Amino acid sequence: MADKMDLLDVEVWDGNMAASQAFRQAQIDVVAAYPITPSTPVVENYAGFLADGYVDGEYVMVESEHAAMSGCVGAAAAGGRVATATSSQGFALMVEVLYQASGMRLPIVLEVVNRALAAPLNVNGDHSDMYLGRDSGWIQLDTFSPQEAYDLTLMAFKIGEDHNVRLPVMVHQDGFISSHTAQGVKTIDDDTAYNFLGEFQPFNAMLDFEKPASYGVQTEEDWHFEHKARQHNDLMTKVFPKIDEVFADFKKLTGREYRILEEYAMDDAEVAIVVMGTSVESTRIVCAELREQGIKAGVLGIRVLRPFPMEKIAAALSGVKAVATLDRSSPNGTVGMLFNEMSGVMINATERPIINNYIYGLGGRDLTIEHIRGIYGDLQENAKAGSLQQPLQQFIGLRGPKLSFY
Amino acid sequence: MSEIKKIKNLKEFSTSADRVVGANLLCPGCAHSIIVREVLNATNDDLVISASTGCLEVCTAVYPYTSWDASWIHIGFENSSTAVAGAEAMYQALKRKGRLLQPERTPKFVAFGGDGATYDIGFQWLSGCFERGHDMMYVTLDNEVYANTGGQASGATPLGSSTTTAPAGRVSYGKKRHKKDMMAIMAAHGAPYVAQVAPNKWKDMVKKIQTGFQTEGPVFINAMSACTTEWKFAPEDTIAISDLATDSLVFPLYEIIDGKEWNITYRPKNIIPVRDYLGAQGRFKHLFKKENEYLIEEWQKRIDSSWEYLQRREESRV
Amino acid sequence: MAENNGWDQFDAGTILFSFNDKVDNIATTHAENRPYSNSNSYTASVGDWRVAKPIFNKDFCIDCQFCWIYCPDMSILSRDKKMVGVDYDHCKGCGICVEVCPTNPKSLLMFNEQHDDEEALASWPEKESKEK
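No experiment lies behind these values; they were computed from the predicted model shown.

Concerning the overall build of chain B
Tallying secondary structure elements over chain B gives twelve helices and ten strands in all. The C-alpha radius of gyration computed for chain B amounts to 19 Å, which stays within 12% of the reference 20 Å derived for 318 residues, consistent with globular compactness. Its C-alpha atoms put chain B at 70 × 50 × 40 Å along the principal axes. The buried share among the 318 residues of chain B stands at 58%. Sequence-distant contacts in chain B: of pairs separated by 6 or more residues, those separated by 24 or more amount to 68%.

Written out as structure tokens, the structure is:
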């Protein structure tokens, strides 16, 4: 029986410790993990908890990230609560297995501490790893602070393990900016946290010898389409209702409210920024500032990347005159992912905002308050003119001649 | 530890109820399923089985059918070892936490992989599992090629064999490199038990598998799988070719205990020339051309020296 | 039949279950007594792969069980240490059983798929004299 930890009501935790504590409280049965900056402390903290008797599950220190996810898949198919953490190169290495995990409908929680993808090699925070895993069939949640990393990581287990959902869940947080920055995190005590998740309920477990199951069979042209369609259908129909339910339960438990789409001052917004990660909070600060000046600014923080909340976004953006999409990943030859997603949402609307794209923060480059003010300035120009007044895509915070396209 | 299944002789063994079933898609005469049968029938315990992408997996699990009467998982090419290791870790965790669904049962964890999966693409994964010491058995189904994709060369392909990516042609005699010595590599991991087996010598194989199942920790079994399709011989000759392999000592049967104690477990009454083994297979046909015959002599010399080495290792008892 | 199932008509995750019921002591329960679901290939047949089939003549069989152990397709049926026949639903006609049969004449021989079993048994070859 694992020892319990007495937590203060508010602990000073960075995003990594917040995630590790959520892992500890979830009483995971098998963690198969490999260290990589900046997610390493999750793995280290968890090892520390194990060594001190706070964890009684198995901790498999594998020899690569691909092996980490492979071990997680084997353990999840065997039937129990499973999780791991990684970043960047490690995430890229396990991409193959991500698709296999979701295709096999196994609830696994993956903490992704977002970091740039090489080359060039970079250990700092950006979203290029997050973007790499977009189509992998996982539920994908984004967090904007250590508090959110703690809360969402706990909730991830509850969302994925539901027998109607049975999908693996990624919880993203910005490398270094969230993972290595401490804040006062409001905690939940061990018993309450574990009971919120409940004991893992096995489903089609390989270790149920009364009902042996074959996992990972092959489907060819006569079957594959149906199986992938089923997975897509379940992502599209089963996940949001469960997330709503878990968010509601969490609010009852803690008072903290999370929403599938984090709208800030969007009700009557005329200019809005769509953004992910820690920059959501920075953008809210500028937004509040502008609101005081009477400017109808708003912020759309993407909380759930997959499944994609198309209808909610369409509702939030209707009436908005100019929208900036901020992508923290180089699209390498085209517009950014959020630009495409937002454009896709609005393309068939009778009234469409002017949408433009900003590439920022690659490899840990700061996005400052000043930068954000500049973006809102662009948006106001566009809203006033009723048309795009700058190039469609701009790089923000870059040294050298101004880089922009289209 | 569960009771070892009693297998005094073949008649007793024949009362076994197979847990891999027919109407699978393996080629007629495929040695893979002969091996799998001998492995699974060696125990009455419950099984959790994994397979790497490859002939065994592809032919026994194509929707809407499975040919496995046991829990089974396929993830990908590299990771049948890690899949079973993950399942074994879950078993240990649930056992410790008192949440096993059938706590009285003592399942065996067995991973199958082809030579491509084992010697090449899944090598790291296998090594990691053995370094960590999971209580599992890994069985290589060694047919010395990437058979499932049409016969490309692997790290297990022997010198002079003609494969699609190292074919015998006008200016080449096929693969130029020697076969990797997986037995020595896995023994060097300090694995408690490592053994080379062949399905024609069923008694030797079953004894080793039972030893493996009774051994705590990771066990590596290298099983010779004569492939009618890629080695190019008639499907009815699978056992005959296997006999040539074991009796020419191209595929010697031995075991290594704790990485140090080597035991030869089969000494052929009459050692047949390597030439007879090579001559029976289409993949070596080109070696019998005048300009290539020196390779047959080299083969014989190499097999002789390997057998010599094996005997010295057995004697030395380090 | 599973063949035309739509995307909403199967277990999610492509998971297949071999049995419709639990099996106690599966390792000692022969196939004919297992409650197979139609997801298990045992319920299918590859008999149509054959161009030649093995015919079993129990008059010469010594129940050595070589055919049982070396059959790759679990198609030699052995019960209570006695060879009882060939499972023609699952036999692919590879011919290994005939090759490994040690009796003289052999207790298993390959015949054309269309050959009449009774006729084959009636005209079984004589014992061969071995030349050394």
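So, the overall build of chain C
For chain C, the helix and strand inventory stands at three helices and five strands. Ordered by position from N to C terminus, the α and β elements of chain C give β-β-α-β-β-α-β-α. A compact globule built from 132 residues would reach a C-alpha radius of gyration of about 14 Å, whereas chain C, at 19 Å, exceeds it by more than 25%. Seen through its principal axes, chain C has C-alpha atoms that stretch 65 × 35 × 25 Å.

Here we look at the interface of chain B and chain C
Each partner contributes to the interface: chain B provides 34 residues, whereas chain C provides 42 residues. In the side of chain B that touches chain C, the residues fall into 17 nonpolar, ten polar and seven charged.

Regarding the domain arrangement of chain C
By a frequent convention, interface size equals the accessible area lost on bringing the separate parts together. You can read the domains of chain C as domain 1 (1-44) and domain 2 (45-124). Taking the mean C-alpha position of each, domain 1 of chain C and domain 2 of chain C sit 27 Å from one another.

A look at the interface of chain B and chain A
Taken together, the contact between chain B and chain A spans 42 residues of the former and 41 residues of the latter. Mapped by element, the contributors of at least two residues to the side of chain B that touches chain A are β2 (61-62), β4 (71-73), α4 (80-97) and α6 (123-132) of chain B. If one sorts the elements of the side of chain B that touches chain A by residue count, α4(B) sits on top with 14 residues. Looking at the side of chain B that touches chain A, its residues break down into 23 nonpolar, twelve polar and seven charged. Pairing of strand β9 (residues 213-215) of chain A with β4(B), which is carried by two bridges, proceeds in the parallel orientation. The partner of Y215(A) across the bridge, within β4(B), is I73(B).

Description of the confidence of the model for chain C
With 95% of its residues at a pLDDT of 70 or more, chain C shows a mean pLDDT of 94. The ipTM, which scores confidence in the relative placement of chains, is 0.96 for this predicted complex, and the corresponding pTM is 0.96.

With respect to the sheet that holds strand β5 (residues 108-114) of chain B
With mixed pairing, ten strands are arranged side by side in an open sheet as β10(B)-β9(B)-β7(B)-β8(B)-β6(B)-β5(B)-β1(B)-β4(B)-β9(A)-β1(C). Here the strands that pair on one side only, and so sit at the sheet edges, are β10 (261-264) of chain B together with β1 (16-17) of chain C. In the sheet, strand β9 (residues 254-257) of chain B pairs with β10(B) via four bridges, with the strands oriented antiparallel. When the sheet's bridge partners are listed, E255(B) is paired in β10(B) with N263(B). Taken strand by strand, helix α2 (residues 31-40) of chain B contacts β1 (47-51), β5, β6 (137-142) and β8 (219-224) of chain B, and its axis lies near 160 degrees from that of β6(B). In the packing of helix α12 (residues 293-316) of chain B onto the sheet, the strands contacted are β9 and β10 of chain B, and the crossing angle to β10(B) comes to about 125 degrees.

Some thoughts on the pairing of strand β6 (residues 139-142) of chain A
Residues and elements named next belong to chain A. Residues I139 and L141 point to one face of β6 and Q140 and D142 to the other, with burial holding for every one of them. As defined by bridge partners, β6 adjoins strand β7 (residues 169-174) across four bridges and the pair is classed as parallel. Residue pairing across strands places I139 opposite V169, the latter belonging to β7. With respect to chirality, the unit in which β6 leads through helix α7 (residues 146-161) into the neighbouring parallel β7 is right-handed. Looking at chain direction, β6 and strand β13 (residues 304-306) are connected through two bridges and run antiparallel. Bridge pairing in β13 links L141 to V304.

As for the environment of F250(A)
Within the secondary structure layout, F250(A) lies in helix α10 (residues 239-254). C-alpha of F250(A) to C-alpha of A32(A): the two residues are 218 residues apart in sequence and 27 Å apart in space.

Notes on α10(A)
Residues and elements named next belong to chain A. The end-to-end C-alpha distance of α10 is 22 Å, a good match for the 22 Å that 16 residues give at a rise of 1.5 Å each. Of all the positions in α10, only V239, I243, V246, F247 and F250 are classed as buried. With its buried residues spanning 100 degrees around the axis, α10 presents them on a single face. What points out from α10, more than 90 degrees from its buried face, is the exposed set P241, D244, A248 and K252.

Some thoughts on the sheet that holds β13(A)
Residue and element names in this part refer to chain A. If you walk across this open sheet you meet the seven strands as β3-β2-β4-β5-β7-β6-β13, and the pairing is mixed. The sheet is open, and its two borders are formed by β3 (58-61) and β13, each paired with just one other strand. On average, each strand axis in the sheet is inclined to that of its neighbour by 20 degrees, with strand direction left out of account. With respect to the sheet, helix α2 (residues 40-51) is in contact with β2 (30-33), β3, β4 (82-86) and β5 (109-114), its orientation differing from that of β3 by roughly 135 degrees.

Considering unusual backbone geometry
The omega torsion across T37(A) and P38(A) is -10 degrees, close enough to zero to call that bond cis. Note on placement: P38(A) falls in the loop between β2 and α2. Residues other than glycine seldom take positive phi values, yet R105(A) does so here, at roughly 55 degrees. Positionally, R105(A) belongs in the loop between α5 (95-103) and β5. At A23(B), a position not held by glycine, the phi torsion is positive, near 60 degrees. Tracing the backbone through its elements, the reader meets A23(B) in the loop between α1 (10-13) and α2.

With respect to the packing of helix α3 (residues 65-78) of chain A against α5(A)
Residue and element names in this part refer to chain A. Running from amino to carboxyl end, α3 crosses α5 at an angle of 15 degrees, the nearest separation of the two axes being 8 Å. Regarding the angle of α3 to α5, the classification is roughly parallel. In this structure, α3 crosses over α5, and the sense of that crossing is left-handed. Facing α3, whose interface residues are H66, M69, S70 and V73, α5 presents E96, V97, L98, Q100 and A101. Classifying every residue of the contact of α3 with α5 gives five nonpolar, three polar and one charged.

Considering helix α12 (residues 310-317) of chain A
Residues and elements named next belong to chain A. Taken residue by residue, α12 has I313, A316 and L317 as its buried positions. For α12, the angular spread of the buried residues around the axis is 90 degrees, confining them to a single face. Against the buried residues of α12 lie β10 (261-264), β11 (271-275), β12 (297-302), β14 (322-327) and α13 (337-346).

Overview of the environment of R352(A)
Residue and element names in this part refer to chain A. Secondary-structure assignment places R352 in the loop between α13 and β15 (354-359). Overall, the presence of 16 C-beta atoms within 10 Å leaves R352 in the partly exposed class. C-alpha of R352 to C-alpha of G319: the two residues are 33 residues apart in sequence and 8.0 Å apart in space.

Conventions we followed
Residues numbered from 1 in each chain as written. Chains lettered and ligands numbered in written order. Predicted model: local features only at pLDDT ≥ 70, side-chain atom pairs only at ≥ 80, totals over all residues. Helix = DSSP H or I, 4+ residues; strand = E, 2+ residues; numbered from the N terminus. Rg over C-alpha atoms; globule rule 2.2 N^0.38 Å. Buried ≥ 20, exposed ≤ 12 C-beta atoms within 10 Å, placed from the backbone. Contact = placed C-beta atoms within 7 Å. Nonpolar A, V, L, I, M, F, W, Y, C, P; charged D, E, K, R; others polar. Domains from an automatic or database assignment. Pairing = 2+ DSSP bridges. pLDDT = per-residue confidence, 0-100. Axes fitted to C-alpha atoms, helices over the stretch in contact; angles between N-to-C directions. Right-handed = clockwise from strand over helix to strand, strands pointing away. Expected span 1.5 Å × (residues − 1). Arc of directions from axis to C-beta. Parallel < 35°, antiparallel > 145°, perpendicular 65-115°, else oblique. Left-handed = near helix turned anticlockwise from the far one by under 90°.

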